[in-house]
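For reference, the chains in residue letters:
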Amino acid sequence: MEEIDLNLLDYLVNADTDYIKAAVAGTQYLPRTVLGVGTFLLDHDGDVNLLTAKQQVTFEKFLKPLLFHVACQGLAGPETCMGNGQVETDLLRKCYQSNIFRCHACRTATAANTIEE
Ligand SMILES: [Zn+2]
């Protein structure tokens, strides 16, 4: 599988836990369970193989989508995305920090008429 961006994981686990809390909301899981798995991964260079079977399920369910599969919100909603509908992983930290989820194509499209975000 793709390598985990540890800086991004650190951001989600330590700097701004709202995204994990939102992902967990309405499920049987507790935020601290997911945060615990995230912390474990940070302590072990993101080596998913060291997780227990149960932790791997938690990772797949909550952390993997936040780290690898984030929908682009396009120029005015997901249906207006100019790319493939997903934000590229190299942009994700910027997205979480700004709360603006746009892929490269959408950023390029808006660069001309918006000030730096
Ligand atoms: Zn897009």
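Note that the structure is a prediction, hence the values are computed from the model and not measured.

1. Topic: the overall build of the chain
1) Next: The secondary structure content of the chain amounts to six helices and zero strands.
2) Next: When the elements of the chain are put in sequence order from the N terminus, they spell out α-α-α-α-α-α.
3) Next: Its C-alpha atoms put the chain at 45 × 30 × 25 Å along the principal axes.
4) Next: Within the span of the chain, comprising 117 residues, buried residues form 21% of the whole.
5) Next: Long-range pairs, those at least 24 residues apart, make up 51% of the contacts in the chain with a sequence separation of at least 6.

2. Concerning the environment of L66
1) Next: Residue position: L66 is located in helix α4 (residues 53-68).
2) Next: You can call L66 partly exposed: it has 19 C-beta atoms within 10 Å.

3. As for the packing of helix α1 (residues 6-15) against helix α3 (residues 31-43)
1) Next: The interhelical angle for the contact between α1 and α3, taken along N-to-C directions, is 145°, at an axis separation of 10 Å. Considering how the two elements wind past one another, α1 and α3 form a crossing that is left-handed. Facing L6, L9, D10, L12 and V13 of α1, the residues of α3 in contact are L35, G38, T39, L41 and L42.
2) Next: Taken together, the residues of the contact of α1 with α3 sort by class into seven nonpolar, two polar and one charged.

4. Some words on the nonpolar core
As a rule of thumb, nonpolar side chains are buried together in soluble globular proteins.
1) Next: Core analysis: the largest hydrophobic core is formed by 20 residues, its most contacted members being V34, C72 and V87.
2) Next: Among the secondary structure elements, those contributing two or more residues to this core are α1, α2 (18-24), α3, α4 and α5 (92-98).
3) Next: Per-domain counts for this core show at least three residues from each of domain 1 (6-68) and domain 2 (78-111).
4) Next: Setting aside residues up to four positions removed in sequence, V34 forms contacts with I20, V24, Y29, T58, F62 and L63.

5. Looking at the environment of D10
1) Next: Tracing the chain through its elements places D10 in helix α1.
2) Next: Sequence spacing of D10 and G83 is 73 residues, and the spatial spacing of their C-alpha atoms is 27 Å.

6. What to know about the environment of V70
1) Next: By the element assignment, V70 lies in the loop between α4 and α5.
2) Next: A sequence separation of 50 residues divides V70 from I20, and the C-alpha atoms of the two residues are 13 Å apart.
3) Next: When neighbours within four sequence positions are excluded, V70 is seen to be in contact with Q86, V87, L92, C95 and F101.

7. Quick notes on the domain arrangement of the chain
1) Next: When the domains of the chain are assigned, the result is domain 1 (6-68) and domain 2 (78-111).
2) Next: Each of domain 1 and domain 2 has a C-alpha centre, and these two points are 22 Å apart.
3) Next: Counting residues at the interface gives seven residues for domain 1, matched by four residues for domain 2.
4) Next: For the side of domain 1 that touches domain 2, the leading source of residues is α1, giving four residues.
5) Next: For the side of domain 1 that touches domain 2, the residue count by class is five nonpolar, one polar and one charged.

Rules and cut-offs
- Residues numbered from 1 in each chain as written.
- Predicted model: local features only at pLDDT ≥ 70, side-chain atom pairs only at ≥ 80, totals over all residues.
- Helix = DSSP H or I, 4+ residues; strand = E, 2+ residues; numbered from the N terminus.
- Buried ≥ 20, exposed ≤ 12 C-beta atoms within 10 Å, placed from the backbone.
- Contact = placed C-beta atoms within 7 Å.
- Axes fitted to C-alpha atoms, helices over the stretch in contact; angles between N-to-C directions.
- Left-handed = near helix turned anticlockwise from the far one by under 90°.
- Nonpolar A, V, L, I, M, F, W, Y, C, P; charged D, E, K, R; others polar.
- Core = buried A, V, L, I, M, F, W, Y, C linked by C-beta atoms within 7 Å.
- Domains from an automatic or database assignment.

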